[in-house]
Amino acid sequence: MSWSSPVAVLRGLHPREARPVDVGRVLAAAVVAASGLASVLIRRHRDRTTTALTGTHVALLGGLGLYCLNVVARADRARADALNEAAASHNQLQKLIDNTESNIYMKRVDNGQYLLVNREWERLFGVSRDRVVKLDDHGVFPRELADQLRANDLKVAASGRSVQYEETADGIDGIRTYISVKFPVMDGTGKPYAVCGISTDITDRKRAEDEVRRLNASLETRVLQRTAELEASTKELDAFAYSVSHDLRAPLRSLHGFSDALLEDYGDVLDDVGKDYLQRLQRNVGRMGRMIDALLNLSRATRADLDRAEVDISSMARDVLAELRTADPDRTVASIVPDGLLVEADPHLIRLALQNLLANAWKFTAKRPEAIIEVGRTVRSGETFFFVRDNGVGFDMVYAGKLFDAFQRLHTTSDFEGTGIGLAIVARVVRRHGGRIFAEAEVDGGATFYFNLMSRVKGKV
């Protein structure tokens, strides 16, 4: 053996290599090295083979032995340092996984035996880590569940990548549901020797989802019941509207006809008081007829299907104002209606709303010598609204909350005639379109009604 052989062996065991060292191999190397040196020395003195080794020879052999023992000691210290470092790393890893809410575990691929579990795993399944490292899943869980867990682990090992499963396990807290992320751990040759799993408890979330599904099912049942009730109410409303339209109008027409006949045929017999009574009767019959019409319109605004189309509010408002002028030709009312007020909405319902808004503006400006009614569009707090504005008598904003309820009036009938239903109809139309309506006014300072329709507004504001 050459001198370089033992040196090469020893260099591989240098402590700076920071890898575990087999002390037996080092000692064997030292013996081989010493034997080689002795053989060399003996061959150099083969002419005096019986001569004892000189002091120099002994010193060389002794020095080599001491050097080998020194190397062994240094290798042993390196091995101890490496073991201590590995133990420290293990402790750090254990502390890290012990302080997480997920349960973490590692199992061997070949036999399924546990290699590692964290504190949360111990708590959930009531098995200590000292005991579980001697067990596989069949030693912890029921057979069926253990078979499933083992099958999942083998699939992960075969796939060579991370896989997510939803798994259930029976722990000390009862049946729990987990989202488990499992991934293979490879050895130096790239083969999976273990499977590591991180399982997050989603039991509470699953229960909440189940509760939401239960509530949704219950809600659907209630919606069906409510829909059936609404359909029944709608049928009743249809029957009421039919009755109002036909059964009530007939006696009203009769009252109006007979009162007319009395005035015409017996006018010379009746005194002024009798004639006044008949005229009051006719006025109230007319008022009742208008109220019937308003109730029918309110019903239609509530029940009618929406048929959206492009509506020219400018043109429609001008038509309604023209009708009001025709019905009341003695009045002079200035109107401001710009072009281009376009929106997608139900034309019939929008006309019904405009008729009531403009009729109100016309009525409440009756005492103004220079009455003005304006229709326009504006932006308020980022929302686009149409508006109808007048310079009429206005109202006290304290009572604004009553405006859009049926049969609520802010002015007496003696001052301004009306049914108290017009603004309720407007509000129903606006709400049917998903919009909102509100008013601003002051006593003797006019009023402005704003509304939007949750529709695509066209043109510039």
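Please read these numbers as outputs of a predicted model, since none were measured by experiment. (Residues numbered from 1 in each chain as written. Predicted model: local features only at pLDDT ≥ 70, side-chain atom pairs only at ≥ 80, totals over all residues. Heavy atoms only, no water.)

Visitor: Tell me about the overall build of the protein, and name the residues and values.
Guide: When helices and strands are tallied, the protein shows 11 helices and 13 strands. Out of the 461 residues in the protein, the part that is buried amounts to 35%. Contacts spanning at least 24 positions in sequence make up 60% of the contacts within the protein whose residues lie at least 6 apart. With an accessible surface of roughly 27,500 Å², the protein has 54% of that area assigned to carbon and sulfur atoms. (Helix = DSSP H or I, 4+ residues; strand = E, 2+ residues; numbered from the N terminus. Buried < 20%, exposed > 50% of the residue type's maximum accessible area, 1.4 Å probe, protein only. Contact = heavy atoms within 4.5 Å. Areas by Shrake-Rupley, 256 points an atom, 1.4 Å probe, with all protein chains shown as cover.)

Visitor: Which residues make up the sheet that holds strand S7 (residues 333–336), and what values do they have?
Guide: Taking strand neighbours across the sheet as the criterion, the 5 strands line up as S7-S9-S10-S12-S11 in an open arrangement whose pairing is mixed. Across the chains shown, the open sheet's two edge strands, defined by having one partner strand only, are S7 and strand S11 (437–441). Neighbouring strand axes in the sheet, compared pairwise and without regard to direction, differ in orientation by 20° on average. Strand direction decides the pairing type here: strand S10 (residues 383–390) and strand S12 (residues 447–451), joined by 5 bridges, are antiparallel. Bridge pairing links Val388 to Phe449 in S12. (Pairing = 2+ DSSP bridges. Axes fitted to C-alpha atoms, helices over the stretch in contact; angles between N-to-C directions.)

Visitor: Describe the pattern of salt bridges, naming the residues involved and giving the relevant values.
Guide: Per the stated rule, a full pass over the model turns up 21 salt bridges. Asp204 is the partner of Arg207 in a salt bridge, and the nearest nitrogen-oxygen pair spans 4.0 Å. Placement of the pair is Arg207 and Asp204 together in helix H7 (residues 203–265), with a separation of 3 residues, close to one helical turn. Note on Arg207: relative accessible area 47%, which makes it partly exposed. Using a relative accessible area of 54% as the deciding quantity, one classes Asp204 as exposed. One network of salt bridges, in which partners are shared, links Asp98, Arg119, Glu122 and Arg129. (Salt bridge = Lys/Arg side-chain N within 4 Å of Asp/Glu carboxyl O.)

Visitor: I'd like to hear about helix H10 (residues 347–364), residue by residue, with values.
Guide: Between its first and last C-alpha atoms H10 spans 26 Å; for 18 residues at 1.5 Å apiece the expected length is 26 Å, and the two agree. Buried residues of H10: Leu349, Ile350, Leu352, Ala353, Leu354, Asn356, Leu357, Leu358, Asn360, Ala361, Trp362 and Phe364, and no others. With a side-chain oxygen lying 3.1 Å from the backbone nitrogen of His348, the N-terminal cap of H10 falls on Asp346. (Expected span 1.5 Å × (residues − 1). Polar contact = N/O pair within 3.5 Å; in protein donor to acceptor, adjacent residues only side chain to side chain.)

Visitor: So what's going on with the packing of H10 against helix H11 (residues 422–432)? Residues and values would help.
Guide: Orientation of H10 relative to H11, taken along the N-to-C sense of each, is 145°, at an axis distance of 9 Å. For the pair H10 and H11, the crossing hand works out as left-handed. For the pair formed by H10 and H11, the contact residues are Leu349, Ile350, Leu352, Ala353, Asn356, Leu357 and Asn360 on the first element and Gly422, Leu423, Ile425, Val426 and Val429 on the second. A breakdown of the residues in the contact of H10 with H11 according to their chemical character gives 9 nonpolar, 3 polar and no charged. (Left-handed = near helix turned anticlockwise from the far one by under 90°. Nonpolar A, V, L, I, M, F, W, Y, C, P; charged D, E, K, R; others polar.)

Visitor: Give me empty space enclosed by the protein: which residues, what numbers.
Guide: Gaps left between atoms are located by rolling a probe of water-molecule size over the structure's atoms. Following the criterion strictly, the structure yields 2 cavities of 30 Å³ or more and no others. The space that makes up the largest cavity amounts to roughly 130 Å³. When contributions to the lining of the largest cavity are tallied by element, the ones reaching two or more residues are strand S1 (103–108), helix H4 (119–125), strand S3 (163–171) and strand S4 (174–186). Classifying every residue of the lining of the largest cavity by side-chain character gives 8 nonpolar, 4 polar and 3 charged. (1 Å grid on protein atoms, 1.4 Å probe; cavity = no way out; pocket = protein on both sides within 12 Å on 5 of 7 lines; lining within 4 Å. Points joined across faces, edges and corners; volume = space filled by probe spheres on them.)

Visitor: Give a detailed account of the confidence of the model for the protein, specifying residues and quantitative values.
Guide: Mean pLDDT over the protein works out to 77, with 72% of the residues at or above the 70 mark. Below a pLDDT of 50 lies the segment residues 1–21, which in the model reaches 19 contacts outside its immediate sequence neighbourhood of four places, other chains included. Low pLDDT (under 50) marks residues 48–53, which in the prediction has 2 contacts with non-local residues, meaning those over four places away or in another chain. (pLDDT = per-residue confidence, 0-100.)

Visitor: Describe the side chain of Lys182, listing the residues and the values that go with them.
Guide: Turning to its location among the elements, Lys182 is positioned in strand S4. Here Asp153 takes part through its side chain, which lies 2.8 Å from a polar atom of the side chain of Lys182.

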